[in-house]
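Notes for the structure review
So the chains spell out like this:
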Amino acid sequence: MPDDIAEVYRNTYPALVRFLYRKVWDAERAEDLAQEAFARALVHRPENTRGWLFVVAANMARDEARRAAREKRHLTLLKSEPDTVHSSPEEDIDAETRTKRVRAALDELTPRDREALLLWDAGMSYDEIAAQTGLARGAIGTTLARARRRLVEAYDAGLERGQHVARG
Amino acid sequence: MSHVDEGTLHAYLDGELPSVERAALEAHLADCATCRENLTDERALRERATAVLGSARPAERPAPPHPAHDNLRGPDYYR
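Since the model is a prediction, treat every value here as computed from it, not as a measurement. All residue numbers here refer to positions counted from 1 along the written sequence of the relevant chain. Note on labels: chains are lettered from A, ligands numbered from 1, in written order. The predicted origin of the model limits local features to residues at a pLDDT of at least 70 and limits the giving and counting of side-chain atom pairs to 80 or more, whereas totals for whole chains, interfaces and linings rest on all residues.

Here we come to the overall build of chain A. Counting from the N terminus, the helices are the DSSP runs of H or I reaching at least four residues and the strands are the DSSP runs of E reaching at least two. The helix and strand tally for chain A stands at 7 helices and 0 strands. Written out in order from the N terminus, the α and β elements of chain A read α-α-α-α-α-α-α. Exposed residues have 12 or fewer other C-beta atoms within 10 Å of their own C-beta, buried residues have 20 or more, and residues in between are partly exposed; the C-beta atoms are placed from the backbone. A burial count over chain A gives 31% of its 168 residues as buried. Here, residues touch in the contact sense if the C-beta positions derived from the backbone fall within 7 Å of one another. Within chain A, contacts between residues separated by at least 24 positions form 63% of all contacts whose residues are at least 6 apart in sequence.

In structure tokens, the structure reads:
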């Protein structure tokens, strides 16, 4: 095992899982995909392992989302009964609701703004984000400012809607 | 120097502004109350966005053994 990949693995694994989680919204699946990305890195031995991993992870998450959408369409055709609602402890409901709101807020961002924000949150520098997204380095600050503003606004709007629903 | 745009303020807060631009910005901030106020607003926005995003994260678990350690991972890894 080359030392650099082992080092990247130790330093990047949690950030890569977090990045993937916010794309597939399933913690276990995010871990599986992160492991798969590292396994592919071992085979491909890319020059810039960290950057390469995030590109591969983003592609895998996109494929995963397409597959999930296809499966959902098939299930909708097959099933006539509504989804089973599982009861959960209060804190799980809260965590789940919060995650749903963050997910909905992230969906309000343009794909490029969302990608830049998630990459920054994963610990990438402006140079790395520029290389990854094709944005000019000088545009990253503006992109992140817009993404952060939109995220917070959409999240707060979701909270407000939730309160209205709870009251109504 | 006219007022500083929000992108530059975010780059500054992210520690990603090149040193020459950073020095110019800090000199401007010393003289411009509007930009200082904007910086405070953008700092609050940045913190809020980080908190919102941070509230949706998987439970942090230690990284499993590196995939190259096949013997630790089990035969079902490449499924």
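There is more to say after this.
So, about the overall build of chain B. If you tally the helices and strands in chain B, you get 4 helices and 0 strands. Secondary structure elements in chain B, listed N-terminal to C-terminal, are α-α-α-α. Relative to its 79 residues, chain B shows a buried fraction of 20%. Counting contacts in chain B only where the partners sit at least 6 residues apart, residues at least 24 apart contribute 48% of the total.

This next bit is on the interface of chain A and chain B. With 33 residues of chain A in contact, the opposing surface of chain B contributes 23 residues. Looking at the side of chain A that touches chain B, the elements that each hand over two or more residues are α1 (3-24), α2 (27-44), α4 (90-107) and α7 (140-167) of chain A. The classification used treats Ala, Val, Leu, Ile, Met, Phe, Trp, Tyr, Cys and Pro as nonpolar, Asp, Glu, Lys and Arg as charged, and all other residues, Gly among them, as polar. Of the residues that constitute the side of chain A that touches chain B, the class distribution is 20 nonpolar, 5 polar and 8 charged.

All names here are of chain A. Phi angles above zero are rare outside glycine, and W25 is one such case at about 55°. Summarising the element assignment, W25 is placed in the loop between α1 and α2. Here the phi dihedral of R45 falls at roughly 45°; this positive angle occurs in a residue that is not glycine. The exposure class assigned to R45 is exposed, which follows from the 11 C-beta atoms found within 10 Å.

What follows is about the nonpolar core. Residue and element names in this part refer to chain A. Linking buried Ala, Val, Leu, Ile, Met, Phe, Trp, Tyr and Cys residues through C-beta atoms within 7 Å yields a set, and such a set is a nonpolar core. L16, L20, A34, A37, A57 and L151 are the most contacted members of the largest nonpolar core, which has 51 residues in total. No other element matches α1, which puts 8 residues into this core. Both domains that furnish three or more residues to this core are identified here as domain 1 (1-85) and domain 2 (86-168). How far each domain reaches was decided by an automatic or database domain assignment.

With that out of the way, let us pick up the domain arrangement of chain A. All names here are of chain A. Domain boundaries assigned for chain A yield domain 1 (1-85) and domain 2 (86-168). The set of elements that each furnish at least two residues to the side of domain 1 that touches domain 2 consists of α1 and α3 (49-78). The greatest single-element share of the side of domain 1 that touches domain 2, amounting to 5 residues, is contributed by α1.

We now examine the packing of helix α1 (residues 6-13) of chain B against helix α3 (residues 33-54) of chain B. Residues and elements named next belong to chain B. Close contact between α1 and α3 brings their axes to 10 Å; oriented N to C, the two are set at 65°. Seen along the crossing, α1 lies across α3 with a hand that is right-handed. On α3, the residues that touch E6, L9, H10 and L13 of α1 are N38, L39, E42, R43 and R46. Residues that form the contact of α1 with α3 fall into these classes: 3 nonpolar, 2 polar and 4 charged. A fitted line through C-alpha atoms serves as each axis, taken over the contacting stretch for helices, and the angle formed by two N-to-C directions is quoted from 0 to 180°. By the definition used in this description, the sense in which the near helix is turned from the far one sets the handedness, with an anticlockwise turn below a right angle giving left-handed and a clockwise turn giving right-handed.

The subject of this paragraph is the confidence of the model for chain A. Residue and element names in this part refer to chain A. Confidence along chain A averages 85 in pLDDT terms, with 84% of residues attaining 70 or more. Element-level mean pLDDT values for chain A span from 81 in α4 up to 96 in helix α5 (residues 111-121). The predictor's confidence in any single residue is recorded as pLDDT, a number from 0 to 100. For residues 80-90, every residue scores under 50 in pLDDT, and the model assigns this stretch 1 contact once sequence neighbours within four places are set aside.

This brings us to the packing of α5 of chain A against helix α6 (residues 126-133) of chain A. The packing of two helices is summarised by the inter-axis angle and the distance between the axes. Residue and element names in this part refer to chain A. Two elements in contact, α5 and α6, have axes separated by 10 Å at closest approach and are oriented at 145°. Both α5 and α6 take part in a crossing whose hand is right-handed. Touching R112, E115, A116, L119 and W120 of α5 are I129, Q132 and T133, all from α6. Its residues assigned to classes, the contact of α5 with α6 comprises 4 nonpolar, 2 polar and 2 charged.

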